[in-house]
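# Report on the structure
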Amino acid sequence: MSDRNPKPTKADRQAAAREKARALREAQLKKERRNKLLTRWGIVVGVVAVLVIVAVIVINSVRGGIPEAGPAPANANVNGGITLTSTSELKPTEPFEVDVNNLPEATTTNAAGETVPAGVEAAAPGEPVQIVEYVDVNCVHCADFASTHADQIASWLDAGEVTYEYRTVAYLDRGSPTNYSSRGANAAACVADSSPESFWGFMKAIFAQYPNGEIDNAAMVDMAESAGATDVKDCITNDGFRPYVQYTDSLARAAEVSGTPTVYINGAEGDLNAFVETVQAAIDANKAEAAA
């Protein structure tokens with residue numbers, strides 16, 4: 001009878017040993033490659049984490065380095081606003097200091113019994129209708145609103161039918177590594193302070209910039225100068241009115257203004273979708289009351 005399971009020969013045993021050794025080497029090489037890859041990714045993740053931490057520290061340091069008190073720009077008001085009486089003129093105000101730790105009353109009650117931000121009020125008969133807009137220069141909806149309505153607002157302003165008050169907040173700094181909202185608001189304040197005749201042009205320009213992304217302070221200086229402003233470089237570069245920006249932002253939050261743009265028309269919050277109709281109706285009503 002033949003042996004169904006013959007004993008392996010020496011050559012067979014050597015071949016099997018070589019195959020086992022080769023398989024072990026391949027397994028070891030795969031393990032080493034996997035470990036190297038994990039090590040490399042670990043290093044990458046570690047570097048990214050360090051960069052994130054450094055960025056947070058830098059951002060917080062920059063934000064934390066802004067004084068909480070300081071002068072308000074010329075032509076700014078205690079409610080955090082800057083008011084246009086025409087496209088080339090601002091409503092003048094008395095000089096004052098701000099302190100984010102000592103805010104005035106943030107709200108008032110209008111004629112309808114509604115709580116509105118302080119300084120929001122209906123115009124007397126025959127007087128220009130008051131419009132107050134809370135804006136953030138990094139807000140896409142603010143940019144769209146400006147693009148849609150700037151020409152009409154300019155027409156009302158230059159006809160003496162409305163005043164237009166910008167309260168420029170910094171809600172969207174949380175999503176900007178460069179504090180763009182605060183820097184843009186500061187630049188607007190700088191223009192209002194030194195070149196009030198250029199304020200309207202600067203606000204139009206900075207909202208028109210939105211689709212192109214954030215810009216640095218040097219570019220903001222160029223933008224302000226292109227709008228006709230002078231003597232703004234030091235103020236924009238050195239955060240001249242950042243305390244006022246914080247003050248305006250803090251007042252808006254205290255008044256529970258939840259987002260931008262938020263618009264108040266003749267003492268009450270307006271419907272953005274019916275902005276033109278609401279303002280024109282208020283203008284017509286004021287004229288009619290004055291003529292009665």
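Report on the accompanying structure. In this text the structure is predicted, and so the values were computed from the model without any measurement. The residue count restarts for each chain, going from 1 along the sequence in the order it is written. Selection of residues for local features in this predicted model requires a pLDDT of at least 70, selection of side-chain atom pairs for listing and counting requires 80 or more, and totals for whole chains, interfaces and linings are taken over all residues. Side-chain metrics in this entry use all non-hydrogen atoms of the structure; hydrogen atoms and water are not considered.

Moving on: the overall build of the protein. What counts as a helix is a DSSP run of H or I of at least four residues, what counts as a strand is a run of E of at least two, and both are numbered from the N terminus. Broken down by element type, the protein carries eight helices and ten strands. Our radius of gyration is a C-alpha quantity, and the globule rule it is checked against amounts to 2.2 Å times the number of residues to the power 0.38. Rg of the C-alpha trace for the protein: 32 Å, well past the compact-globule value of 19 Å for 292 residues, more than 25% over. Structurally, the protein occupies a C-alpha span of about 130 × 45 × 35 Å along its principal axes. The contacts in the protein between residues at least 6 apart in sequence include a share of 76% that link residues at least 24 apart. Residue exposure ignores everything except the shown protein chains as possible cover, and the areas themselves are Shrake-Rupley values with a 1.4 Å probe. Within the structure as shown, the protein displays about 15900 Å² of accessible surface, and the carbon and sulfur contribution to it stands at 54%. Counting 24 positive and 38 negative side-chain charges, the protein places the averaged centre of each group 36 Å from the other. Pairs of residues are marked as contacts when any of their non-hydrogen atoms sit within 4.5 Å. Counting rule applied: Lys, Arg positive; Asp, Glu negative; His and chain ends not counted. Charge positions are represented by NZ for Lys, CZ for Arg, CG for Asp and CD for Glu.

Turning to the side chain of Ser-176, a few remarks are in order. Relative to the elements of secondary structure, Ser-176 occurs in the loop between strand 8 (162-168) and helix 3 (180-194). Any pair of nitrogen or oxygen atoms within 3.5 Å is treated as a polar contact; in protein, a donor-acceptor pairing is required on top of that, and neighbouring residues in sequence qualify only through side-chain atoms on both sides. Looking at Ser-176, its side chain comes within polar contact range of the main-chain nitrogen of Tyr-180, at 3.1 Å. Polar side-chain contacts of Ser-176 include one of 3.0 Å to the side chain of Glu-214.

The next point concerns the side chain of Glu-165. Position of Glu-165 relative to the elements: it lies in strand 8. When a residue's accessible area, from a 1.4 Å probe over protein chains only, is under 20% of the maximum for its type it is buried; when over 50% it is exposed; and in between it is partly exposed. A relative accessible area of 4% places Glu-165 in the buried class.

Residues lying three or four places apart along an α-helix face the same way, a consequence of the helix completing one turn every 3.6 residues. Across its 19 residues, helix 2 (residues 140-158) extends 26 Å between first and last C-alpha, which sits within 8% of the 27 Å expected from 1.5 Å per residue. At His-149, helix 2 shows its maximal kink, close to 55°. If you check which residues of helix 2 are buried, you get Cys-142, Ala-143, Phe-145, Ala-146, His-149, Ala-150, Ile-153, Ala-154, Trp-156 and Leu-157. Buried residues along helix 2 sit in contact with strand 2 (82-86), strand 7 (129-135), strand 8, helix 4 (199-208), strand 9 (262-265) and helix 8 (275-291). Downstream of helix 2 by a residue or two, Gly-160 has a phi angle that is positive, lying close to 75°. Each residue after the first adds 1.5 Å to the expected span of a helix. One axis fitted to the seven residues ending at a residue, another fitted to the seven starting there: the angle between these axes is the bend at that residue.

Our next topic: empty space enclosed by the protein. Points on a 1 Å grid, built from protein atoms alone, make a cavity when a 1.4 Å probe fits but cannot get out and make a pocket when they are open with protein on both sides within 12 Å along at least 5 of 7 lines; residues with an atom within 4 Å of a point are the lining residues. Grid points are joined across faces, edges and corners, and a volume is the space filled by probe spheres set on the points. In this structure the tally under the stated criterion is two cavities of 30 Å³ or more. The space that makes up the largest cavity amounts to roughly 70 Å³. Lining the largest cavity are Gly-80, Ile-82, Tyr-166, Thr-168, Ala-185, Ala-188, Ala-189, Tyr-244, Val-245 and Thr-248. Three residue categories are used. Nonpolar comprises Ala, Val, Leu, Ile, Met, Phe, Trp, Tyr, Cys and Pro, charged comprises Asp, Glu, Lys and Arg, and polar comprises the others, including Gly. Along the lines of polarity and charge, the residues of the lining of the largest cavity split into seven nonpolar, three polar and no charged. Approximately 50 Å³ is the volume found for the second largest cavity. Every residue along the wall of the second largest cavity is listed here: Val-78, Asn-79, Pro-104, Glu-105, Ala-106, Ala-118, Tyr-134, Arg-167, Leu-251, Ala-252 and Ala-255. For the lining of the second largest cavity, the class distribution of residues is eight nonpolar, one polar and two charged.

Nothing here speaks to function; it is geometry throughout.
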